[in-house]
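Listed here are the chains, written in short residue letters.
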Amino acid sequence: MKKILILIVLVLGNLFADLINDGLEAYGNGEDTKAIQLWSESCENGNMEGCNHLAALYNEEYGKYKDRKKALTLYEKSCNGKSMEGCYNLGLFYNEGKGTKQDKQKAIKYFEKSCNNKHAKGCHNLGLAYSYGDGVEQDKQKAMLLYKKACRSGSIASCYKI
């Protein structure tokens, strides 16, 4: 029974990866509707990476599919599905007021969530918020600690802030 379960997990994992990669290839070839279909299927099946790709497509500034409300909903689903990339992007949406009313407190909440789960860009943006007092009380020491954490997690921009 255990072997069957492992086999099912491996097959589903490969299926999700194929949907993502096939979507990326389709998008790269200008086949947007095919990419949307593949990423939608992946997202509906619980793969948050598919939700993130789909949200990014709807978030494109000059894209013909631009729909910030759809992107926001997909990033919410992704974040609730434990994707820190989704949480980070949700923080950006609230920070900038994209597809929703600007809400610095919610932005901080999502940056914190992503940072607490070692997402470098979430830590970097949280560091920026503390450095400039944007949505939080200014705290340069805390900002520096966050930049260091982000740098250790791979944020080059944070490394330059140290």
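Please read all numbers here as calculations on a predicted model, not as lab measurements.

Right, let's get into the state of the cysteines. For the structure on display, the rule yields four disulfides. The side chain of Cys79 participates in a disulfide bridge whose partner is Cys87; the two sulfur atoms lie 2.1 Å from each other. Judged by the sign of its S-S torsion, about 90°, the cystine formed by Cys79 and Cys87 is right-handed. Pair check on accessibility: Cys79 and Cys87 agree, each one buried. Disulfide pairing places Cys115 opposite Cys123 at an S-S distance of 2.2 Å. The sign of the S-S torsion, about 100°, decides the handedness of the disulfide formed by Cys115 and Cys123: right-handed. Judged by its relative accessible area of 0%, Cys123 is buried. Taken in sequence order, the bonded cysteines of the protein chain link in the pattern 1-2, 3-4, 5-6, 7-8.

Counting residues in each nonpolar core, the largest one holds 38 residues, and the members touching the most others are Leu74, Leu90 and Leu126. Broken down by secondary-structure element, the contributors of at least two residues to this core are helix H1 (2-28), helix H2 (32-44), helix H3 (48-59), helix H4 (68-80), helix H5 (84-96), helix H6 (104-116), helix H7 (120-132) and helix H8 (140-152). Considering each element in turn, this core owes the most residues, seven residues, to H5.

To continue, consider the confidence of the model for the protein chain. Model confidence for the protein chain is summarised by a mean pLDDT of 89, while 90% of its residues fall at 70 or above. For the stretch residues 2-16, pLDDT sits under 50, and the model shows three contacts to residues farther than four places along the chain or on other chains.

A surface patch of like charges, here positive, comprises Lys82, Lys106, Lys109 and Lys113. Relative to the helices and strands, Lys113 is located in helix H6. A relative accessible area of 33% places Lys113 in the partly exposed class.

Criteria and thresholds
- Residues numbered from 1 in each chain as written.
- Predicted model: local features only at pLDDT ≥ 70, side-chain atom pairs only at ≥ 80, totals over all residues.
- Heavy atoms only, no water.
- Disulfide = S-S within 2.5 Å.
- Buried < 20%, exposed > 50% of the residue type's maximum accessible area, 1.4 Å probe, protein only.
- Core = buried A, V, L, I, M, F, W, Y, C linked by side-chain atoms within 4.5 Å.
- Helix = DSSP H or I, 4+ residues; strand = E, 2+ residues; numbered from the N terminus.
- pLDDT = per-residue confidence, 0-100.
- Contact = heavy atoms within 4.5 Å.
- Patch = residues over 30% accessible without salt bridge, like charges linked within 9 Å, V, L, I, M, F, W, Y side chains within 5 Å.
- Areas by Shrake-Rupley, 256 points an atom, 1.4 Å probe, with all protein chains shown as cover.
- Salt bridge = Lys/Arg side-chain N within 4 Å of Asp/Glu carboxyl O.
- Lys, Arg positive; Asp, Glu negative; His and termini not counted.
- Charge placed at Lys NZ, Arg CZ, Asp CG, Glu CD.

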